[in-house]
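# Coordinate inspection notes
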Amino acid sequence: MPKYDAVIPRIGASVTFFGTAVLRQFEMMGVYPVNESVAITRSRDKLRSLQLLSRKGIGLPVTVFAHRSGNTDELLEIVGGAPVVIKLLEGTQGVGVVLGETHNAAASIIQAFGGVNTNILVQEFVKEANGEDIRCLVINDKVVASMKRTGREGDFRSNLHRGGSAQLIKITPMERQTAVSAAKIMGLNVCGVDLLRSAHGPVVMEVNSSPGLEGIEKATGIDIADKIISFIETRAKPDKTRTRGLG
Ligand code: ADP
Ligand code: MG
């Protein structure tokens with residue numbers, strides 16, 4: 001069996017189960033994982049992530065979790081009424097994120113997901129973010145690069161995969177601190193923390209355990225891949241696998 005020092009997991013959203021199983025195998029062989037399987041699994045579930053972040057007081061958009069909601073009116077009321085954002089629990093690249101612009105539109109979307117037995121999050125729509133979000137690339141509890149992503153004309157989703165564009169941005173100390181805390185809570189050594197600038201301060205939308213490098217390297221001119229390798233060089237030791245983060 002060849003001996004490996006470290007493994008850099010890059011697990012696509014559609015293969016989380018298989019990818020984390022392979023990673024677990026490496027961990028059991030004592031190979032150092034840049035991000036651990038437990039932390040990756042945690043970050044893939046939007047609800048579980050928000051619960052962990054919320055427990056530690058991280059700023060979040062007001063969010064409710066619904067399965068088959070009997071009372072959509074009440075549900076919408078809790079998040080402050082339409083417009084709201086409705087999300088599938090394991091969507092990615094903006095797919096499965098829908099804007100319910102009016103009360104009636106939101107109610108029928110929620111009912112439609114209920115009809116196909118799908119778990120969803122209903123979230124306050126942070127309109128003041130203006131279709132923009134901030135991606136902070138965190139390595140070893142430091143923000144090493146950050147970019148602002150702007151959605152395509154007419155789209156509230158800023159995902160680069162949805163045609164959004166990226167620009168270098170200077171973040172505030174509060175945003176930096178929020179991103180670093182979120183990475184720590186999730187137990188991820190390398191991750192992309194996505195923030196919205198809301199009227200009540202920075203709010204975390206999600207923490208991505210396999211962040212894309214191309215967009216942020218282009219926007220910032222920073223060699224992120226090189227920083228990940230340097231991190232491995234200082235950190236990777238055989239049998240250093242342990243479960244970090246908070247549950
Ligand atoms: P995905 O995992 O599919 O990227 P996100 O939760 O990151 O899902 O949402 C995709 C995009 O939609 C975000 O990058 C952001 O631009 C926009 N968005 C998501 N939630 C909200 C919200 N509550 N308010 C305003 N915009 C949002
Ligand atoms: Mg996203």
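Data block above holds the structure.
Everything numeric in this text was worked out from a predicted model, so none of it was measured. (Residues numbered from 1 in each chain as written. Chains lettered and ligands numbered in written order. Predicted model: local features only at pLDDT ≥ 70, side-chain atom pairs only at ≥ 80, totals over all residues. Heavy atoms only, no water.)

Tallied over the entire structure, the rule returns nine salt bridges. A salt bridge links Asp194 to Arg149, with the nearest nitrogen and oxygen atoms 3.1 Å apart. With Asp194 in strand 10 (residues 190-198) and Arg149 in strand 8 (residues 142-150), this pair connects stretches of sequence that are 45 residues apart. For Asp194, a relative accessible area of 2% corresponds to the buried category. What makes Arg149 buried here is its relative accessible area of 7%. (Salt bridge = Lys/Arg side-chain N within 4 Å of Asp/Glu carboxyl O. Helix = DSSP H or I, 4+ residues; strand = E, 2+ residues; numbered from the N terminus. Buried < 20%, exposed > 50% of the residue type's maximum accessible area, 1.4 Å probe, protein only.)

In the vicinity of ligand 1, 21 residues are found, and the nearest of them are Lys46, Lys87, Gly94, Asn159 and Glu206. A distance of 2.7 Å is found between an oxygen atom of ligand 1 and a side-chain nitrogen or oxygen belonging to Lys87. Here ligand 1 has 540 Å² of accessible area as a free molecule, and 98% of this is covered by the chains. In terms of residue count, strand 4 (residues 84-92) provides more of the shell around ligand 1 than any other element does, four residues in total. When its residues are assigned to classes, the shell around ligand 1 shows eight nonpolar, seven polar and six charged. Per-domain counts for the shell around ligand 1 show at least three residues from each of domain 1 (1-60 + 127-247) and domain 2 (63-125). (Near = heavy atom within 4 Å. Polar contact = N/O pair within 3.5 Å; in protein donor to acceptor, adjacent residues only side chain to side chain. Areas by Shrake-Rupley, 256 points an atom, 1.4 Å probe, with all protein chains shown as cover. Nonpolar A, V, L, I, M, F, W, Y, C, P; charged D, E, K, R; others polar. Domains from an automatic or database assignment.)

Right, let's talk about the state of the cysteines for a bit. All told, the structure shown has zero disulfides when counted by the stated rule. Summary of cysteine pairing: Cys136 is not part of a disulfide, and the nearest cysteine sulfur, belonging to Cys191, is at 9.5 Å. Residue Cys191 is classed as buried on the basis of its relative accessible area of 0%. (Disulfide = S-S within 2.5 Å.)

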